[in-house]
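As a plain string of letters, each chain reads:
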Amino acid sequence: MSSRLTRKPDRTKAQAESKTGAPSDGLPQHVAIIMDGNGRWAQQRGLPRVMGHREGVKSIRDITTECRRVGIDRLTLYAFSTDNWKRPRGEVAFLMRLLKHFLIHERGELMDNGVRLTAIGELEALPKTVQRELEKTCALSAGNQATTLCLALNYGGRAEILNAVRQAAERVRRGELEPADIDEARFRSFLYDPTAADPDLLIRTGGEMRVSDFLLWQISYAELWITERFWPDFRKEHLHEAFEAFRCRKRRFGGLPDSSRPSSTAS
Ligand code: FPP
């Protein structure tokens, strides 16, 4: 993070949650972001595509710092998908170098800000040097209490679901689990991070109207907010635009608002 913060987040977990577990200030607890538009940002400036990725790191710093400042519990960033390996070799190599650089050089800032770093995805397929730096930063920051920054790396939603299905099937094959016992809670226990609450808000930059294999299980009831702005131009004021839109959404999770319920069942 670029700006060092020495004070506590403005919103502690206890302050933020009402009795129902919903944030009392209307902020999402878990924000997930599809950081798109890096290549177009660079191309518009006559730069190689990879310069957009490099510039995108500044947005990561700004958004992580702001999430931490306002007390967001968890920020999940789609940094590299299982399908991104299809990109030109030079671009993939650049992204891996950038990731390694980020893990080494942001370590101090993450620690100063009390940010815990975690990752989801098929991490064993990442270059060994990246895995080492990732493990170091995750281990070092494991006790941090402010925002959790989760990087989705070599991540695919279908791959995550398949991986969970295989684990569940293996437990059934060994006679440790009955198929009927596989309910939502049990299934979640086989996801990459079973402890993570589902995202409340999914932001996508770059204007595309799709979810691109991101957190397919977890975004069932996430509010979607899409901006035309490219990721390298996305800053905290734009995050607050998304928060404002989120505050205006009526989340019903398939139910009805209290005002529409028959009076006998309304509580
Ligand atoms: C999509 O933009 C973005 C990516 C595939 C990579 C995102 C990576 C970063 C923001 C920086 C590296 C991350 C870390 C954690 C150091 P795109 O290239 O698809 O853009 P386009 O749609 O304009 O082509």
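Refer to the structure printed above.
Only a predicted model underlies this, so the values are computations on that prediction, with no experimental measurement involved. (Residues numbered from 1 in each chain as written. Predicted model: local features only at pLDDT ≥ 70, side-chain atom pairs only at ≥ 80, totals over all residues. Heavy atoms only, no water.)

J.: Tell me about empty space enclosed by the protein, and name the residues and values.
T.: Applying the stated criterion across every chain, the model contains three cavities of 30 Å³ or more. Approximately 100 Å³ is the volume found for the largest cavity. Lining the largest cavity are 15 residues, with Ile-120, Asp-193, Ala-196, Leu-215 and Gln-218 positioned closest to its centre. For the lining of the largest cavity, the class distribution of residues is seven nonpolar, three polar and five charged. (1 Å grid on protein atoms, 1.4 Å probe; cavity = no way out; pocket = protein on both sides within 12 Å on 5 of 7 lines; lining within 4 Å. Points joined across faces, edges and corners; volume = space filled by probe spheres on them. Nonpolar A, V, L, I, M, F, W, Y, C, P; charged D, E, K, R; others polar.)

J.: With reference to specific residues and values, describe the nonpolar core.
T.: By size, the foremost hydrophobic cluster in this structure holds 41 residues, and its most contacted members are Ile-33, Leu-149, Leu-151 and Ile-203. At the level of elements, strand E1 (30-34), helix H3 (49-70), strand E2 (74-81), helix H4 (89-105), helix H6 (128-141), strand E4 (148-155), strand E5 (201-204) and helix H9 (236-248) are the ones that each hand at least two residues to this core. The element that contributes the greatest number of residues to this core is H4, accounting for eight residues. For Ile-203, the contacting residues outside a window of four places in its chain are Val-31, Ala-32, Ile-33, Ile-34, Trp-225, Phe-234, Leu-239 and Ala-242. (Core = buried A, V, L, I, M, F, W, Y, C linked by side-chain atoms within 4.5 Å. Buried < 20%, exposed > 50% of the residue type's maximum accessible area, 1.4 Å probe, protein only. Helix = DSSP H or I, 4+ residues; strand = E, 2+ residues; numbered from the N terminus. Contact = heavy atoms within 4.5 Å.)

J.: Break down the pattern of salt bridges for me, with residues and values.
T.: Opposite charge on two side chains makes pairing possible when the charged atoms of those side chains draw close. A complete count under the given rule lists 23 salt bridges for this structure. A salt bridge links Arg-174 to Glu-170; its shortest N-O distance comes to 3.2 Å. For Glu-170, a relative accessible area of 26% translates into the label partly exposed. Taken together, the shared-partner salt bridges in this structure form one network comprising Asp-36, Arg-40, Arg-204, Glu-208 and Arg-210. (Salt bridge = Lys/Arg side-chain N within 4 Å of Asp/Glu carboxyl O.)

J.: Describe in detail a negative patch on the surface, supporting the description with residues and values.
T.: Taken together, the side chains of Glu-178, Asp-181, Asp-183 and Glu-184 define an acidic patch exposed on the protein surface. You can see Asp-183 is positioned in the loop between helix H7 (157-173) and helix H8 (184-188). (Patch = residues over 30% accessible without salt bridge, like charges linked within 9 Å, V, L, I, M, F, W, Y side chains within 5 Å. Areas by Shrake-Rupley, 256 points an atom, 1.4 Å probe, with all protein chains shown as cover. Lys, Arg positive; Asp, Glu negative; His and termini not counted. Charge placed at Lys NZ, Arg CZ, Asp CG, Glu CD.)

J.: With reference to specific residues and values, describe the pairing of E1.
T.: For E1, the tally of buried residues reaches five of five residues, placing the bulk of the element in the interior. Of the two faces of E1, the one lined by His-30, Ala-32 and Ile-34 and the one lined by Val-31 and Ile-33 are each fully buried. Relative to E2, E1 runs parallel, the two sharing five bridges. Paired with Val-31 across the bridge in E2 is Leu-75. Pairing analysis gives four bridges linking E1 to E5, with the strands arranged parallel. Each residue of the ladder has a partner; that of Ile-34, found in E5, is Arg-204. (Pairing = 2+ DSSP bridges.)

J.: Outline the sheet that holds E4, supporting the account with residue identities and numerical values.
T.: If you trace the six strands from one edge of the open sheet to the other, you get E3-E4-E2-E1-E5-E6, paired in parallel fashion. A single partner strand is all that each edge strand has here, and the edge strands are strand E3 (116-120) and strand E6 (223-226). Neighbour-to-neighbour, the strand axes of the sheet open up by a mean angle of 20°, direction not taken into account. Contacts from H6 reach E3 and E4, with the element oriented near 135° to E3. (Axes fitted to C-alpha atoms, helices over the stretch in contact; angles between N-to-C directions.)

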